[in-house]
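Coordinates in review
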Amino acid sequence: MKAALLKTFLLVAALAISAAAQAQLKQGQTVPAFETRLLDGKALGAQALEGKAVLVVFWATWCPACQKELPELQALYEKHRGRSFEILALSVDADRFTVEEFWKDHDYTFPVAMRAPAHTQAFGPVKATPTLYLIDRKGVLRMARVGGLGQDKLEAQLLPLLRH
């Protein structure tokens, strides 16, 4: 009896821990620090993003909405990168080579990486692409959006974060 009860307790505890690890990050919460290995092999540590407004975009090469959104993100990046703004593109593609070729073909200059377990722990599961997370200079999530937003609407969300 005690063994069965203990087994049930451990199973419930494991499920609760698993659910907590997969919880979706909510607006107003501080984004947990995470490390990223970029496609070019360089490390992008949490400290490199401190004090910056950061847009994290989960995307895929096969996603039509992403293909539409990425050039707009590049324009936004070029316009505001000198104002402590960073974009981090995290591909959900299965094949790294496909992502590398796509990135080279399109001349995007903001950092790109493959999605890693650290990203899922920080943001939760990605249900669709593109998924956008806008983080303020203090590391607080200010916007979470599934689906493209467009450059003008995204810039309207970003500008207040660049003033602080």
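Computed from a predicted model, the values in this text were never measured in an experiment.

1. A few points about the pattern of salt bridges
The final tally for this structure, using the stated rule, is six salt bridges. The salt bridge involving Glu72 is made with Lys68; its shortest N-O contact spans 3.9 Å. Of the two residues, Glu72 and Lys68 are both situated in helix 3 (residues 64-80); the distance of four residues between them amounts to about one turn of the helix. We note a salt bridge from Asp136 to Arg142, for which the minimum N-O separation is 2.8 Å. We classify Asp136 as buried; its relative accessible area is 9%.

2. Observations concerning helix 4 (residues 96-106)
Among the residues making up helix 4, those that are buried are Val99, Phe102 and Trp103. Mapping the buried residues of helix 4 onto a view down its axis gives an arc of 95°, with all of them on the same face. Exposed positions of helix 4 whose direction lies more than 90 degrees from the buried face are Phe97, Lys104 and Asp105. Looking at the buried side of helix 4, the elements it contacts are strand 3 (53-59), helix 3, strand 4 (85-91) and strand 5 (112-114). Once helix 4 finishes, Asp107 follows within two positions and takes phi at roughly 55°, a positive value.

What counts and what doesn't
Residues numbered from 1 in each chain as written. Predicted model: local features only at pLDDT ≥ 70, side-chain atom pairs only at ≥ 80, totals over all residues. Heavy atoms only, no water. Salt bridge = Lys/Arg side-chain N within 4 Å of Asp/Glu carboxyl O. Helix = DSSP H or I, 4+ residues; strand = E, 2+ residues; numbered from the N terminus. Buried < 20%, exposed > 50% of the residue type's maximum accessible area, 1.4 Å probe, protein only. Arc of directions from axis to C-beta. Contact = heavy atoms within 4.5 Å.

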